[in-house]
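Architecture at a glance
Chain residues, written in single-letter form:
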Amino acid sequence: MRRLIDSLEKNHCLTKEEWTALIAQEAEKEYLFERARALSRKYYGSKVYTRGLIEFTNYCRNNCYYCGIRRDNTDAERYRLSEEEILDCCREGYALGFRTFVLQGGEDAYYTDERLVSLIRRIKASYGDCALTLSIGEKSKESYQMFFDAGADRYLLRHETADEKHYRKLHPKELSLERRKACLFDLKEIGYQVGCGFMVGSPGQTVECIAEDMLFITELQPQMVGIGPFIPHHETPFAAEAAGSVEKTLYLIGLLRLLKPNLLLPATTALGTMQADGREQGILAGANVVMPNLSPVGVRKKYALYDNKICTGEEAAECRGCLSRRMENIGYRLVTDRGDPAEI
Ligand code: SAM
Ligand code: FES
């Protein structure tokens with residue numbers, strides 16, 4: 001197995017059989033994490049990039065079986081932030097040292113292309129030294145182009161799974177893997193820094209599915225990859241399913257660092273929800289990004305993708321301070337920086 005880890009670090013690719021063997025065995029963990037940390041140190045030093053996450057709407061037209069804000073969850077208390085409220089979040093975030101804002105939300109018809117373009121322009125006009133990331137789902141190539149022209153820099157769209165059969169287990173028939181992948185290639189072609197990703201341990205996921213994810217990531221060559229454990233939400237069809245494993249997530253973070261050494265890899269909130277020091281462990285496995293919440297405290301509990309989500313009661317400043325201490329405790333530091341990918 002050490003041979004496969006070395007080969008991944010050297011060649012930045014593996015065959016499906018090799019991926020399957022490595023992921024199934026989770027062997028040589030400490031060796032992998034050491035190699036992964038050495039690479040993140042080489043490209044990013046002791047810096048951990050931070051993104052201010054603004055969860056601006058939980059209205060969603062989609063019905064993904066895993067997600068707590070799915071259309072059919074009539075229990076979800078819906079909200080959307082106004083343009084002014086979003087700008088207030090940016091103002092607070094900027095003062096705290098954030099230089100990347102991530103606008104994330106469900107696929108909400110209220111936020112038309114015109115409204116989004118106006119919002120993007122206003123944010124970029126006030127905070128020209130900040131990167132703006134969108135995470136608002138599947139749109140036409142024309143819409144992606146309009147947002148890019150208005151000033152958006154990055155786009156996060158997890159592919160969720162690269163295995164067709166598994167995709168069908170997680171989504172209703174109106175959604176398709178083909179479309180999801182096409183969106184990612186459109187975004188890349190337009191010139192966005194692109195992030196894909198998947199949940200670890202989602203219902204029906206096999207080792208072969210994850211091997212397919214790794215092959216897809218090798219093909220797409222995204223700048224970012226977001227992975228975190230699947231965590232059930234009590235008002236979804238997957239309420240009774242088991243959560244994903246923290247250990248497997250950490251192992252995959254290590255492998256992703258070797259696959260693409262300058263990747264922007266978040267230690268996700270889902271990881272911190274599953275285990276108190278999950279985000280620290282993520283950094284020690286090779287991650288280099290954290291994404292604390294900048295949404296107003298009043299709405300945080302409502303953006304419940306899964307149960308028991310952390311940081312829903314803390315103010316933005318508290319989360320930033322908390323994460324800063326957590327990173328310092330393990331020898332890293334949060335920086336005030338846009339956090340673009342390092343040159344290889
Ligand atoms: N609507 C946008 C989209 O689809 O890309 C952005 C919001 S979506 C809720 C953000 C991500 O949350 C999804 O890509 C999914 O991987 C993750 N997610 C949803 N439900 C989850 C769950 N139960 N456990 C862990 N992650 C979850
Ligand atoms: Fe939010 Fe620790 S990061 S309280």
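Keep in mind that this is a model prediction, so the values were computed, not measured. (Residues numbered from 1 in each chain as written. Chains lettered and ligands numbered in written order. Predicted model: local features only at pLDDT ≥ 70, side-chain atom pairs only at ≥ 80, totals over all residues. Heavy atoms only, no water.)

Looking at the overall build of the protein
A tally of helices and strands in the protein yields 14 helices and 9 strands. Referenced to the eigenvectors of the C-alpha coordinate spread, the extents of the protein come out at roughly 55 × 45 × 40 Å. The buried share among the 344 residues of the protein stands at 60%. For the protein, the share of sequence-separated contacts (at least 6 apart) that also reach a separation of at least 24 residues comes to 75%. For the protein, the accessible area works out to roughly 13400 Å², and carbon and sulfur atoms hold 48% of it. Looking at charge distribution, the protein has the averaged site of its 47 positive side-chain charges lying 2 Å from that of its 50 negative ones. (Helix = DSSP H or I, 4+ residues; strand = E, 2+ residues; numbered from the N terminus. Buried < 20%, exposed > 50% of the residue type's maximum accessible area, 1.4 Å probe, protein only. Contact = heavy atoms within 4.5 Å. Areas by Shrake-Rupley, 256 points an atom, 1.4 Å probe, with all protein chains shown as cover. Lys, Arg positive; Asp, Glu negative; His and termini not counted. Charge placed at Lys NZ, Arg CZ, Asp CG, Glu CD.)

Observations concerning the confidence of the model for the protein
Across the protein, the average pLDDT comes to 98, with 100% of residues at 70 or higher. Taken element by element, the predicted model of the protein shows its lowest mean pLDDT in helix 14 (residues 316-329) (95) and its highest in strand 5 (residues 154-156) (99). (pLDDT = per-residue confidence, 0-100.)

Here's the deal with the sheet that holds strand 1 (residues 47-50)
Strand order across the open sheet formed by 3 strands is 8-1-9, with parallel pairing between neighbours. Edge strands, defined here as strands with exactly one partner in the open sheet, are strand 8 (289-290) and strand 9 (333-334). Sheet topology note: the strand 1/strand 9 ladder contains 2 bridges and is parallel. Within strand 9, the position partnered with Lys47 by the bridge is Arg333. (Pairing = 2+ DSSP bridges.)

Some points on the pattern of salt bridges
Using the criterion set out here, one finds 24 salt bridges in the structure. For Arg35, the salt bridge identified is with Glu9, shortest N-O distance 2.8 Å. Placement of the pair is Arg35 in helix 3 (residues 29-44) and Glu9 in helix 1 (residues 2-11), with a sequence separation of 26 residues. The exposure class assigned to Arg35 is partly exposed, which follows from its relative accessible area of 26%. For Glu9, a relative accessible area of 18% translates into the label buried. Between Glu212 and Lys16 there is a salt bridge whose closest N-O contact spans 2.9 Å. Within this pair, whereas Glu212 is found in helix 9 (residues 207-220), its partner Lys16 is found in helix 2 (residues 16-25), the two being separated by 196 residues in sequence. According to the relative accessible area criterion, Glu212 is partly exposed, its value standing at 24%. What makes Lys16 partly exposed here is its relative accessible area of 26%. When salt bridges with common partners are traced through the structure, they connect Glu26, Lys29, Glu247 and Lys248 into a single cluster. (Salt bridge = Lys/Arg side-chain N within 4 Å of Asp/Glu carboxyl O.)

Here we look at the site of ligand 1
Taken together, 18 residues sit near ligand 1, with Tyr66, Gly105, Arg158, Glu160 and Ile231 positioned nearest. In the model, a nitrogen atom of ligand 1 is placed 3.0 Å from a nitrogen or oxygen of the Tyr66 main chain. Here an oxygen atom of ligand 1 sits 3.2 Å away from a polar atom, N or O, in the side chain of Arg180. Considering ligand 1 on its own, with 560 Å² of exposed area, one finds that the protein chains cover 92% of that surface. Split by residue class, the shell around ligand 1 holds 10 nonpolar, 5 polar and 3 charged. (Near = heavy atom within 4 Å. Polar contact = N/O pair within 3.5 Å; in protein donor to acceptor, adjacent residues only side chain to side chain. Nonpolar A, V, L, I, M, F, W, Y, C, P; charged D, E, K, R; others polar.)

Points about the nonpolar core
Here is a general trend for soluble globular proteins: nonpolar side chains tend to be buried in one another's company. Within the largest apolar cluster, 95 residues are counted, with the highest numbers of intra-cluster contacts made by Ile54, Phe101, Ile123, Tyr192 and Leu255. Per-element tally for this core: the top contributor is helix 10 (residues 246-259), with 9 residues. Beyond its immediate chain neighbours, meaning those up to four positions away, Leu255 contacts Leu8, Trp19, Leu22, Ile23, Leu32 and Met214. (Core = buried A, V, L, I, M, F, W, Y, C linked by side-chain atoms within 4.5 Å.)

Regarding the packing of helix 3 against helix 10
Between helix 3 and helix 10, the shortest axis-to-axis distance is 9 Å and the interhelical angle comes to 50 degrees. Accordingly, the angle class assigned to the pair helix 3 and helix 10 is oblique. Crossing of helix 3 against helix 10: the hand is left-handed. Across the interface between the two elements, Lys29, Leu32, Phe33, Arg35, Ala36, Leu39, Ser40 and Tyr44 from helix 3 touch Glu247, Leu250, Tyr251, Gly254, Leu255, Arg257 and Leu258 from helix 10. Grouping the constituent residues of the contact of helix 3 with helix 10 by class yields 9 nonpolar, 2 polar and 4 charged. (Axes fitted to C-alpha atoms, helices over the stretch in contact; angles between N-to-C directions. Parallel < 35°, antiparallel > 145°, perpendicular 65-115°, else oblique. Left-handed = near helix turned anticlockwise from the far one by under 90°.)

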